[in-house]
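Close look at the chain arrangement
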Amino acid sequence: MNVRDAGATGDVPAGAPVLLTGNHAVAWAARLARPRVVPVYPITPQTPVLELLTEFQAAGTFDAEILTVESEHSVMSACIPASLAGVRVFTATASQGLLLMHELLHYAAGARAPIVMANVNRTVASPWAFWPDQTDSLAQRDTGWIQYYVESAQEALDTVLQAFRVAEQALLPALVNLDAFYVSHALEPVRVPAQDLVDAWLPPFDPPQRLDPAHPSSWGNVVTQAMYQRHRRALEDTMARVPALAAAADREWAALTGRAWGVVERYRCDGARSVVLALGSLCGTAREAVDLLRAEGQAVGLVKLRLFRPLPVAALRAALAGVHDVLVLDRDHSPGLGGVLHQEIRGALYGLPDAPRVHGLLAGVGGVDVPVRHLAEALRGVAQAKPRNEPAWL
Amino acid sequence: MTALPNDEPAMLCAGHAACPGCIDALSARHVLAALGPDTVAVIPPSCMAIIAGPQPYSSLKIPVYQPTLEASAAAASGLRRALDAQGRRETQVVVLAGDGGTYDIGLQCLSSAAERNEDFLYVCLDNEGYMNTGAQKSSSTPQHAWTGSTPAGKASRKKSLVDIMAAHRVPWIATASAGHLGDLQRKVRRARALRGTRLLLLLIPCLDGWGLAEDAGLATARLAVESGAFPLLEVEDGERWSLQSAKTRPLADYLAVQRRYRHLTPAQVAALQDEVDTGWQRLQRLVVMSPPPLAPATA
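On a predicted model such as this, the values are computed, not experimentally measured, just so you know.

1. A short note on the sheet that holds strand 7 (residues 174-179) of chain A
Residue and element names in this part refer to chain A. Strands sit in the order 4-5-7-6-12 across an open sheet of five strands; the sheet is mixed. What marks the edges here is a single partner per strand, and that holds for strand 4 (90-94) and strand 12 (307-309). Each strand of the sheet is rotated relative to its neighbour by a mean of 25 degrees, with strand direction disregarded. Looking at chain direction, strand 5 (residues 116-121) and strand 7 are connected through six bridges and run parallel. Bridging across to strand 7, Met117 finds its partner in Leu175.

2. Here we look at the interface of chain B and chain A
Taken together, the contact between chain B and chain A spans 33 residues of the former and 35 residues of the latter. Elements supplying a minimum of two residues to the side of chain B that touches chain A: strand 1 (39-42), strand 2 (64-65), helix 3 (72-85) and helix 5 (107-116) of chain B. Here the side of chain B that touches chain A takes 10 residues from helix 3 of chain B, the largest share from any one element.

3. Remarks on the nonpolar core
Counting 220 residues, the largest nonpolar core has Val160(A) and Leu79(B) as the members making the most contacts within it. It is helix 8 (residues 153-170) of chain A that provides the largest number of residues to this core, a total of 10 residues. Both of domain 1 (3-257) and domain 2 (264-381) of chain A provide at least three residues apiece to this core. Every residue in contact with Val160(A), bar those within four places of it in the chain, is listed here: Val26(A), Ala29(A), Ala30(A), Ala33(A), Val116(A), Ala118(A) and Val176(A).

4. So, the environment of Ile23(B)
Residue and element names in this part refer to chain B. Residue position: Ile23 is located in helix 1 (residues 23-35). A tally of 26 C-beta atoms within 10 Å means that Ile23 is categorised as buried. Spatially, the C-alpha atom of Ile23 lies 7.2 Å from that of Ala178, the residues being 155 residues apart in sequence. For Ile23, the contacting residues outside a window of four places in its chain are Ala178, Ile204, Pro205, Gly217, Leu218 and Ala221.

5. Concerning unusual backbone geometry
Excluding glycine, most residues fall at negative phi; most peptide bonds, likewise, are trans. Residue and element names in this part refer to chain A. Here the bond from Thr44 into Pro45 is cis, since omega is 5 degrees, no more than 30 degrees from zero. Of note, Pro45 is situated in the loop between strand 2 (37-39) and helix 3 (47-58). The peptide bond linking Ser126 to Pro127 adopts the cis configuration, its omega dihedral lying at -5 degrees. If you trace the backbone, Pro127 turns up in the loop between strand 5 and helix 7 (135-138). Although it is not a glycine, Arg268 sits at a positive phi angle of roughly 55 degrees. Tracing the backbone shows Arg268 in the loop between strand 9 (264-267) and strand 10 (274-278).

Conventions used here
- Residues numbered from 1 in each chain as written.
- Chains lettered and ligands numbered in written order.
- Predicted model: local features only at pLDDT ≥ 70, side-chain atom pairs only at ≥ 80, totals over all residues.
- Pairing = 2+ DSSP bridges.
- Helix = DSSP H or I, 4+ residues; strand = E, 2+ residues; numbered from the N terminus.
- Axes fitted to C-alpha atoms, helices over the stretch in contact; angles between N-to-C directions.
- Contact = placed C-beta atoms within 7 Å.
- Core = buried A, V, L, I, M, F, W, Y, C linked by C-beta atoms within 7 Å.
- Buried ≥ 20, exposed ≤ 12 C-beta atoms within 10 Å, placed from the backbone.
- Domains from an automatic or database assignment.

Below, the structure is given as C-alpha cells:
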C-alpha cells in the first residue's frame, strides 16, 4: 500500500490497522491533537514528520500555523511564547537539533509551557553519524521536560497523545523519544484513532494564564533568589505528580483504545531473579532475549522504562522488588561515567533494603547492532558477575 | 522652548528602573504610546528589560514576554502566529531589543523572520554597544569608539542594519530619534498601520556608555542627526528610500560631546567625516534612484 498517500489524503480508516512508520505515526498523532502553532526545522531522521504535517496542511486537513524557521533554536524560541499565548504547540526534532535547543528547553520548562515535542534519537556529532543513540535526549534530563521513550510506531502515536494530556495537566513540556530508523522509519501496523475520540481525549487548551493585552501579565522578568527557588520547588512538586498523571492517562487511554503501555512495564518478570532494564527500541531485542532464556527455564524478565523524567522511582522499586540482578542497557554514552540510565537506576535503588545488584552495559552505542544472543548471554551471566563501576561495552 | 501637549496614553509608568535622563525609556514611552494598549511586547535581555521591571512589578501596561537574548524575532514570530490562530490579528506584536540583541546574537532569527515577512514591529534601541553589561562593543559600535572591550578604540566599522534589512526587502524600515519626536511619532503611527516585518531603528545616546552629561541625551541625539551620522530615513520594500533630515553641521560637533571619542586624532576625525559624507552621497543617490511611492507616505 502507498502509506504516504494514505497519510496525506487523511483517509486512513479510524481504528483499523494501517502501515505507518514511527515518524508518520507521530505526524498523525500531532494532526489529531489539533495544535494551532507548529514551528519546525528539518533534520535527519525526523524530516518525514515535518513533511507529512506540511502535506496535511496543504491538503486542508491540518489547521495549524506552521513556521519553517531557520534553526531548531528558533523553533523552540517560537514554541514558548506561542504556548504562553494560550495555544497548543507541537514540534519535532532530532540529535543536533535537540542539542541546539538546549538553552530553550530549560526556558520552556521554567515558563511552564506544555509544548509536546517528538525527538528521533540519533547519534550526536562529532564525528557525524545518523544512527540510533539516546545520548541526545538523555543529555537533556535536567531541563525540566517530561520524557517518554517508545518502542514502536503505535506506541509513538499513543504516547504523543498521552503526552499532550499529561503536559497540559501539569503545565510542563513533554518530549517523546523514538529511536532513529528502528522506530522512526520501520513500517508497522498502527491503529489511528478517530478524530472524535481524540477531541474528547484532548479538550481545547485553556491555560489559567496567558499573554493577553486584555489581562496584561508578563513572563521572564528578573526575580529574587527566594522567588527563583520557590519557582523551582513548584516545578519539583509538579514533577512529583507526573508519574501518577502519566499512569492515569495511560489507564484512561487503554479504556478508550484497548492499548496500555504503562509508566514502567514488566515483561515476564514473574519470579524473575535477573531482569534487563532498557529504554525504547532496545526493549524489542530484550523481549526476544528474555523469551530465549525463559524457554531454557531461566527466571529472567524485562523491565521497560517508558517514563524517564520524572524518574518514577516508586514504580521502579516496585517493579524490581525481589529481583536479584538488574542489567541496565544504555544506548548512550556519558564519557567518564558510562551509561546515563545505569547511574539513574543505581540512584533510584540506593538505600533500598535488599536492593537488586545493578550491572551496567553500554549496548548499541552509536547504533551498532545488538544481537539477541549477545544480550541473552549477558543476561544469563549477570547473576554470576560482580557489578562494576567502570563502563562495560557489549 | 514650548511645551507640547501630551495627550498620549501612558503605557510606560513612572517609577521604572532606567538611569536618570535615559533616552531608552523616553523613546520606549513614545513608541508604546503610539502603538496603544492592544499590544504585546517581546523584550530580550537589554537595558529595556531592566526598565520593564523585576517581577512582580512591571513598568509597562501591556503584557511582556522576555525571551533569551538571541531569540527576539523567533519569539515574536511564535507569539504572532499564536495570536493569529486565535483571531487576534489586530493585536500588535512589538520587539524592543538592543543593538547587541539585534546586530549580533539576534541577527540570524531576525533575518529568518524578515524572509518569512512575519507580522511584527521590531524596534531596535541602538545605543551602539552592550550598555546593560557596562559598555562593551557590539557590531553596532562605530569605528574608533571607546568601549570596555575596545580600550584603544574599535578597529572596525559599524554594521548597517538598515542595509541588511533592506536587502531582505521587508515592507518598511525607518530610523528615528527621540531628539526629533514628531518624526518618531509619525513613523510609529505609520508602522502601526502596516503589516509584515517592520523595523524601526532608534538611536539611543547612552549617558554612561558614551560619556555624556545627564541632561545631554536629547541634544546628542539631535547632533547625531544634524551631523549626518544618523540620518532619519525610511525604506519601503527595500527599494524606495526617503530622507527626513538634512546634514547641516560637521561631525566633529557630535564627536566632541562624547567621552568615548575623546582620544581621537584630527586625522581620525577627518576620516570619520569622509565616511559620513560618502554615506550621505550614497543615500541621496538611493533616494533619487527610488521608484515612485505606491501610496502617500503619511500615516
